[in-house]
Amino acid sequence: MKKAVLSVALFVLVITTAGAGVWLTHYFLESREQQELFSQLREDTAVQTSVSRNSSAPKETLVDRWFGFLKPGTTATPMPNQGAENEETPVPPVVEEEPAGVAEPVRHDTEMLADRNEDCIGWVTVPGTGIDYPVMWTPQEPQKYLQRSFQGENSSYGVPFLDGRCTPDSGNLILYGHNMFDGSMFTPLIYFDSGDLGRLVLLEIGGELREYEIIAVAHTTAKSPLYHYTEVDSVYGAAAFLAAVKSECPEMTPLSAQDGMEFVTLSTCEVSREDGRALVIGRRIQ
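Caption draft 1: Just the pattern of salt bridges, in detail. Across all of its chains, the model carries 10 salt bridges by this definition. The shortest N-O distance in the salt bridge between D196 and R199 comes to 3.3 Å. A salt bridge links R283 to E213, with the nearest nitrogen and oxygen atoms 3.7 Å apart. Of this pair, R283 sits in strand β10 (residues 276-284) while E213 sits in strand β8 (residues 208-221); the two residues are 70 residues apart in sequence, bridging distant segments of the chain. Residue class for R283 comes out partly exposed when judged on its relative accessible area of 23%. Taken together, the shared-partner salt bridges in this structure form one network comprising E208, R210, E262 and R284.

Now the structure itself:
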């Protein structure tokens, strides 16, 4: 009887291990494929290739460090496994800061992006973090790109997208992106804290480059009242939004409400709490 139980347990273990191996292989391959597709999209649509004025993108991406051994012609050794599941134990992104400069940020041909996919309305970049992706917007189907690639195929990586309640002219643009195990997409947001106040978020949308200065970082939940503010169209609306931010982010940059203020909110999942979310809020400065 004991031998039979042991045999069944061993069989289950083998099947489970094999299944985990298949899942990991699929995950590694999809990670490499999606990041290569995004990289090609960046290259094809880049108008110029200079970096932002306050930090630079990593010279080696986390995906390259993890999955370089899958790239033909390389002998890179993968990093040791530091986590267990997809979005539950992401690896901190590796960022190499450089001295402040005055170069203009990378620009993208947003018309070309729209020609390739009419749902694409722009591009978001957080210099020095690896966040450097197109932005989709489908108000009639708000979460269309939650599990879909830029090419429209099934993908656990998805593509960052604008909240369906917003328009490109909304006073607070809420952008969503995944928190992925390999450190890509919006994963860097979960490591932001008050030390990141003042960093830039660059958003190419509506035919212009918009610069936002980070004023607050919130580690909250999906029920946060900050998600309620999309139209901040008056000094009163700005005051209400800033008060809501202050309630969740005591260390935010002090600001007085003014008419015409514009904001951006980047959002991703965080597993430190139930329905956790990491939010980074920026105020438009240009």
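Caption draft 2: Highlighting the layout of surface pockets. Taken as a whole, the second largest pocket encloses approximately 350 Å³ of empty space. Lining the second largest pocket are 16 residues, and of these Q143, L146, F161, Y176 and R277 lie nearest its centre.

Caption draft 3: Structural view of the pairing of β8. With 10 of 14 residues buried, β8 lies mostly within the body of the structure. One ladder, built from six bridges, connects strand β7 (residues 200-205) with β8; its direction is antiparallel. From the neighbouring strand, I205 faces β8, where its bridge partner is E208. Hairpin geometry of β7 and β8 is characterised by an intervening segment of two residues between the two adjacent antiparallel strands and by a positive phi of about 65° at G206. Bridge count for β8 against β10 is nine bridges, and the pairing is antiparallel. Looking across to β10, one finds that T220 is bridged to R277.

Caption draft 4: Spotlight on the packing of aromatic side chains. One pass over the structure, following the stated rule, counts five aromatic pairs. Judged by centre distance (5.0 Å) and plane angle (75°), the ring pair of F38 and Y133 falls under edge-to-face. With F38 in helix α1 (residues 2-45) and Y133 in strand β4 (residues 131-136), this residue pair connects regions lying 95 residues apart in the sequence. Each member of the pair, F38 as well as Y133, carries the same accessibility label: buried. In textbook terms, an aromatic cluster arises when at least three aromatic residues are bridged by ring pairs, as seen for F161, Y176 and Y227.

Caption draft 5: Structural detail: unusual backbone geometry. At M185, a position not held by glycine, the phi torsion is positive, near 55°. Structurally, M185 is set in the loop between β6 (172-176) and β7. With a relative accessible area of 1%, M185 lands in the buried category. Within the chain, D275 stands out as a residue other than glycine whose phi angle is a positive 55°. When you line up the elements, D275 lands in the loop between β9 (263-269) and β10. Judged by its relative accessible area of 47%, D275 is partly exposed.

Caption draft 6: A look at the side chain of S224. Its location among the elements puts S224 in the loop between β8 and α4 (235-248). With sequence-adjacent residues up to four places away left out, S224 is seen in contact with E248 and L279.

Caption draft 7: Highlighting the nonpolar core. Core analysis: the biggest nonpolar cluster contains 54 residues, and V124, L175, V201, L203, L226 and L266 have the highest contact counts within it. For this core, the element with the highest residue contribution is β8, accounting for six residues. Beyond its immediate sequence surroundings of up to four residues, L175 is in contact with V124, V135, F161, L162, F186, L203, V264, T265, L266 and S267.

Caption draft 8: Expanded view of α4. Helix length check: α4 (14 residues) gives 20 Å between terminal C-alpha atoms against 20 Å at 1.5 Å per residue, within 8%. Within α4, burial applies to G237, A238, F241, L242, A244 and V245. Along α4, the residues classed as buried sweep out an arc of 160° about the axis, all on the same side. For α4, exposure combined with an orientation more than 90 degrees from the buried face picks out Y236 and S247.

Cut-offs used in this document
Residues numbered from 1 in each chain as written. Predicted model: local features only at pLDDT ≥ 70, side-chain atom pairs only at ≥ 80, totals over all residues. Heavy atoms only, no water. Salt bridge = Lys/Arg side-chain N within 4 Å of Asp/Glu carboxyl O. Helix = DSSP H or I, 4+ residues; strand = E, 2+ residues; numbered from the N terminus. Buried < 20%, exposed > 50% of the residue type's maximum accessible area, 1.4 Å probe, protein only. 1 Å grid on protein atoms, 1.4 Å probe; cavity = no way out; pocket = protein on both sides within 12 Å on 5 of 7 lines; lining within 4 Å. Points joined across faces, edges and corners; volume = space filled by probe spheres on them. Pairing = 2+ DSSP bridges. Phe/Tyr/Trp six-rings, centres within 6.5 Å; stacked < 30°, edge-to-face > 60°. Contact = heavy atoms within 4.5 Å. Core = buried A, V, L, I, M, F, W, Y, C linked by side-chain atoms within 4.5 Å. Expected span 1.5 Å × (residues − 1). Arc of directions from axis to C-beta.

Without other data, these values stay purely geometric and don't point to any function.
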